[in-house]
Amino acid sequence: MAARALTKEDVKRLIADPSVENREDTAAHLGQEFSAGTLRPAEKDLAVGIFEILAKDAAVRVRAALSRTLKASPDIPHSLAVRLAKDVEEVALPLIEVSEVLTDADLIDILKACGPAHQTTVAGRTGLSEAVSAAVIETDNDDAIGTLLANSTARISEASYEQVVGGIEQDDFIAAAMVRRPSLPLSITEKLLRVVSENLKTEIAVRHPLPEETTTDLILRSRDRALIEFTSTSPAADVERFVRELHENGRLTNSLIVRALCMGDIGFFEAALACRAKIALPSARKLIHDPGRLGVKAVHAKAQMPKYLLGTFVHALDVLDDMEYDGGENDRERYTKRLIARMMTFEEDDVAFAGADLEFLLAKLDQLSPAAHA
């Protein structure tokens, strides 16, 4: 479609019909033409003059029309962009969200001078610098800070993360947004572990690098995540989903699978082998519990587990078949204690543990409640 040239007639028509509707239509039309780059230099100068007038219009809808049509233009005067960005929400937010004309200094000024909606919109912009992110955190606006943390493109300094961690309370949505950042400094991850709820600790273990011992212990201690324990009623689908997340993030380690089995997390063990072997969970479960143990040997091989762990798996499943809960309190603790104790009595050639795994299991024996020693 051919561009319609801007003429002095447009200005005359605006003067002749100064209604809100005509001013709004003029703002939208000129903004679209300007943003499309179809105006000649002289016309652009004339349009900018009209924009300056419309940006001071008493009617919000006129200024909003101007902002909507100019928001993505890289050619609007800086002073006009700043004026619109500091206007009321209906005018400012569309432009704040995407305008490339606004500088870091402008954004920081908006964060200091404007209200919560302006601050939250700034926090959601693509590619925020560390300086602007720090200014968002300084607002103490939870919505803005949560939006910033959920903004995967925002660059956030370690000092800013420290400031957020210092104000986090358990179950705070800001904590969840922080845990779900694409990456975090190790020092921040370790500090988060001390202040977030148990379910978020498990999510940290899935999403962020941690020492393997810390990761494994966190996952096995979780009570609020989908990880099934021996007496858990969590849906198997939740366990499968959680195991897949661990696998995709490189956290479904041999050590974790062995420890889960020995701690009675049978649902997790089944889902882990099924995931590793790339077979359906019902099929894996049937094979794993095959009385002749040929099934678990087949799943073990297909899952490409180390050969030395096969004996451990077989003997652990044999013990599981022999053990029964007594129906009283601390059943799981008693079960786990007996299972681990019996596992430790097998010949070295039959059951193999890495040194760290053996230390872990022995430590768990010491940690069990006195009632579990009965």
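Preceding this paragraph is the structure being described.
Residues numbered from 1 in each chain as written. Predicted model: local features only at pLDDT ≥ 70, side-chain atom pairs only at ≥ 80, totals over all residues. Heavy atoms only, no water.

Some remarks on the packing of helix H8 (residues 116-123) against helix H10 (residues 142-150)
Reasoning step 1: Closest axis-to-axis distance for the H8/H10 pair is 8 Å, and the angle between their directions is 10°. Between H8 and H10, the interaxial angle falls into the category roughly parallel. Counting all contacts with H8, which are made through Gln119, Thr120 and Ala123, the residues of H10 involved are Asp143, Ala144, Thr147 and Leu148.
Reasoning step 2: Considering only residue class, the contact of H8 with H10 consists of 3 nonpolar, 3 polar and 1 charged. (Axes fitted to C-alpha atoms, helices over the stretch in contact; angles between N-to-C directions. Helix = DSSP H or I, 4+ residues; strand = E, 2+ residues; numbered from the N terminus. Parallel < 35°, antiparallel > 145°, perpendicular 65-115°, else oblique. Contact = heavy atoms within 4.5 Å. Nonpolar A, V, L, I, M, F, W, Y, C, P; charged D, E, K, R; others polar.)

Some points on the pattern of salt bridges
Reasoning step 1: Evaluated as defined, the whole model comprises 7 salt bridges.
Reasoning step 2: Two residues, arginine 23 and aspartate 57, come together in a salt bridge whose shortest N-O distance is 2.4 Å. Placement of the pair is arginine 23 in helix H2 (residues 20-36) and aspartate 57 in the loop between helix H3 (41-54) and helix H4 (60-70), with a sequence separation of 34 residues.
Reasoning step 3: A residue is classified by how much of its surface remains accessible, and arginine 23, at 18% relative accessible area, is buried. (Salt bridge = Lys/Arg side-chain N within 4 Å of Asp/Glu carboxyl O. Buried < 20%, exposed > 50% of the residue type's maximum accessible area, 1.4 Å probe, protein only.)

Notes on the packing of helix H7 (residues 104-113) against helix H9 (residues 130-138)
Reasoning step 1: The contact between H7 and H9 brings their axes to 9 Å, and the two run at 0°. Overall, the two elements H7 and H9 adopt an arrangement that is roughly parallel. Where H7 approaches H9, its residues Asp104, Leu107, Ile108 and Leu111 are matched on the opposing element by Ala131, Val132, Ala135 and Val136.
Reasoning step 2: Taken together, the residues of the contact of H7 with H9 sort by class into 7 nonpolar, no polar and 1 charged.

Some words on the side chain of arginine 181
Reasoning step 1: When you line up the elements, arginine 181 lands in the loop between helix H12 (173-179) and helix H13 (186-193).
Reasoning step 2: Summary of buried charges: arginine 181 has no salt-bridge partner, and the nearest side chain of opposite charge, glutamate 130, is 9.2 Å away.
Reasoning step 3: Polar contacts involving the side chain of arginine 181 include one to the main-chain carbonyl oxygen of alanine 154, which spans 2.8 Å. (Lys, Arg positive; Asp, Glu negative; His and termini not counted. Polar contact = N/O pair within 3.5 Å; in protein donor to acceptor, adjacent residues only side chain to side chain.)

A short note on helix H6 (residues 89-98)
An α-helical turn contains 3.6 residues, so a residue and the one three or four places further along point in the same direction.
Reasoning step 1: Taken as a whole, H6 has its buried residues at Val91, Ala92, Pro94, Leu95 and Ile96.
Reasoning step 2: The secondary structure elements touched by the buried residues of H6 are H4, helix H5 (78-85), H7 and H8.

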